[in-house]
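Coordinates in review
Each chain is listed here by its residues.
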Amino acid sequence: MSLRNIGHRLYQGEVSFDFVGKRKIWYSISAVIVLVAGIGLAMGLHLGIEFKGGSVYTVHKAGLTVSQAKDATSKIINSNTALVQTTDKGDVRIQISAENSVSATTFTKEFSQAVGVEEKDINAQVIGPSWGSDISKKALTGLVVFMVLVTVYLAIAFEWRMAVAALVALIHDLLITIGVYALVGFEVTPGTVIGFLTILGYSLYDTVVVFDTVKENTRGLTKQSRRTYSEAANHGLNQTLVRSINTTVVALLPVAALLFIGGGILGAGTLNDISLALFIGLAAGAYSSICVATPLLAQLKEQSPEMKALAKRVAQRRAADAKAAAEAEARGETFDAGEDDGDGVPAGMVGQRNQPTGRTRGKGRPSGKH
């Protein structure tokens, strides 16, 4: 069966995966992942030189290896904490944190003597701790402002319950991505922050698309007694499921190329910083929009008085239909549940009945076999 055919059947309600009904399973999975991420965060993030301050030296010398540069650096600063990497231009980049830093003049002189390179071929850049602290505050401020604006927008465009569900999904994605960063030990750089903000935007976009479909499916929902809010929301989620999967796969393919080829094989550190954040964040964003945001929205919505009353009417309707069907079967007749109390199916719920039914002879009345 083609993906297109599956998508059509999902949209029409002929096939359905009960994501909302199994929300406890998704919540448990998310709780475990967030717990592991929290352990990673407790271990601490490996902040880049831009955030904690220090010195960066770029050495231009043909044939200079990372091990040679690291040995020389360790002797000068009396520590093995320096980060030594090669750049895409073939130079050697040395990062020394502020607590282990020596003066740029001293390091340049001693390093040039140790590896046999001229001082003019060593480019020194000193970053003060105050600058790194300022960057950290700005990044945090930007994140908080982003969250507030998202919440306000969703509350106005949709409703407060959708805003809460989307905000929880965003925090969920952020915690997982940062936690993975901490566990893997990758360095957090300004490129990483850019990656974080990018995945938050993607996660929000995916969630809003699902919520928009749910909003259409639940318009006028209280005028019928065939479907609860959770069931209507789950159908909306199934309608957008293939789109979400396709979008995520298409987005992950180039990011995976950046991460595994650009960062892993070519050794480009900046690509690692951005691509890992994007890879983990995109996957987490797709998962949260399907398995966290919408089930949480349905759970919050079901607590409202009108949806509680609807759920009660649906249960009574189904009990009455089951009883009538059993009585009709005992008489050797067929039972047709008929249309919904004369008000029809709400807008946006075409093809969403639990089971297809033919045209009725009467509401809930048995029709004899001829």
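Residues numbered from 1 in each chain as written. Predicted model: local features only at pLDDT ≥ 70, side-chain atom pairs only at ≥ 80, totals over all residues. Heavy atoms only, no water.

Attention now goes to the environment of Leu296. Checked against the element boundaries, Leu296 lands in helix α11 (residues 269-301). The spacing of Leu296 and Tyr27 is 269 residues in sequence and 9.1 Å in space, taken between C-alpha atoms. Those residues in contact with Leu296, other than ones at most four positions away along the chain, are Tyr27, Ala165 and Val168. (Helix = DSSP H or I, 4+ residues; strand = E, 2+ residues; numbered from the N terminus. Contact = heavy atoms within 4.5 Å.)

Counted by the stated rule, this structure contains 4 aromatic pairs. Seen in terms of ring centroids, Phe19 and Trp26 are 6.1 Å apart; in terms of plane orientation they differ by 35 degrees. Their pairing is tilted. The residues Phe19 and Trp26 share a single accessibility class, namely buried. Aromatic side chains Phe107 and Phe111 sit 5.4 Å apart centroid to centroid with 15 degrees between the ring planes, which places their arrangement in the stacked category. Here Phe111 and Phe107 lie together in helix α5 (residues 104-115), a separation of 4 residues that amounts to about one turn. With respect to burial, Phe107 and Phe111 carry one shared label: buried. (Phe/Tyr/Trp six-rings, centres within 6.5 Å; stacked < 30°, edge-to-face > 60°. Buried < 20%, exposed > 50% of the residue type's maximum accessible area, 1.4 Å probe, protein only.)

Okay, α5 next. In an α-helix there are 3.6 residues to a turn, and that puts residues three or four apart on one side. For α5, spanning 12 residues, the distance from its first C-alpha to its last is 16 Å, which sits close to the expected 16 Å at 1.5 Å a residue. Looking only at α5, the buried set comprises Phe107, Thr108, Phe111, Ser112 and Val115. Looking straight down α5, one finds its buried side chains confined to an arc of 120 degrees; they lie on one side. Opposite the buried face of α5, by more than 90 degrees, sit the exposed residues Thr105, Gln113 and Ala114. Buried positions along α5 lie against β2 (54-59), α4 (66-77), β4 (92-97) and β5 (122-127). Looking at the residues trailing α5, positive phi occurs at Gly116, about 70 degrees. (Expected span 1.5 Å × (residues − 1). Arc of directions from axis to C-beta.)

A separate point is the confidence of the model for the protein. Per-residue pLDDT for the protein has a mean of 79; in total, 81% of the residues score no lower than 70. The lowest-confidence element of the protein is strand β8 (residues 366-367), averaging 46 in pLDDT; the highest-confidence one is helix α2 (residues 23-43), averaging 91. Ignoring residues within four places in sequence, the model shows residues 341-370, a span with pLDDT below 50, making 59 contacts including any to other chains. (pLDDT = per-residue confidence, 0-100.)

Strand order in this open sheet of 4 strands is β3-β4-β2-β5, and the pairing throughout is antiparallel. Only two strands of the sheet have a single neighbouring strand rather than two, namely β3 (83-86) and β5. For this sheet, the mean inter-axis angle between neighbouring strands, taken without regard to orientation, is 15 degrees. Of the strand pairs in this sheet, β2 and β5 are connected by 6 bridges, and their pairing is antiparallel. Its bridge partner being in β5, Val59 is matched across the sheet by Ile122. Sheet contacts for α5: β2, β4 and β5; angle to β5, the most-contacted strand, approximately 150 degrees. (Pairing = 2+ DSSP bridges. Axes fitted to C-alpha atoms, helices over the stretch in contact; angles between N-to-C directions.)

What follows is about the nonpolar core. Nonpolar side chains in soluble globular proteins tend to end up buried together. Leu154, Phe211 and Tyr229 are the most contacted members of the largest nonpolar core, which totals 53 residues. Those elements that provide at least two residues to this core are α6 (129-157), α7 (160-184), α8 (190-217), α9 (229-239), α10 (241-265), α11 and α12 (305-330). (Core = buried A, V, L, I, M, F, W, Y, C linked by side-chain atoms within 4.5 Å.)

A surface patch of nonpolar side chains, about 670 Å² in accessible area, is lined by Val32, Leu35, Val36, Ile39, Met43, Leu183 and Val184. Every element with two or more residues in the nonpolar patch is listed here: α2 and α7. For the nonpolar patch, the element with the highest residue contribution is α2, accounting for 5 residues. Here Leu183 lies in helix α7. (Patch = residues over 30% accessible without salt bridge, like charges linked within 9 Å, V, L, I, M, F, W, Y side chains within 5 Å. Areas by Shrake-Rupley, 256 points an atom, 1.4 Å probe, with all protein chains shown as cover. Salt bridge = Lys/Arg side-chain N within 4 Å of Asp/Glu carboxyl O.)

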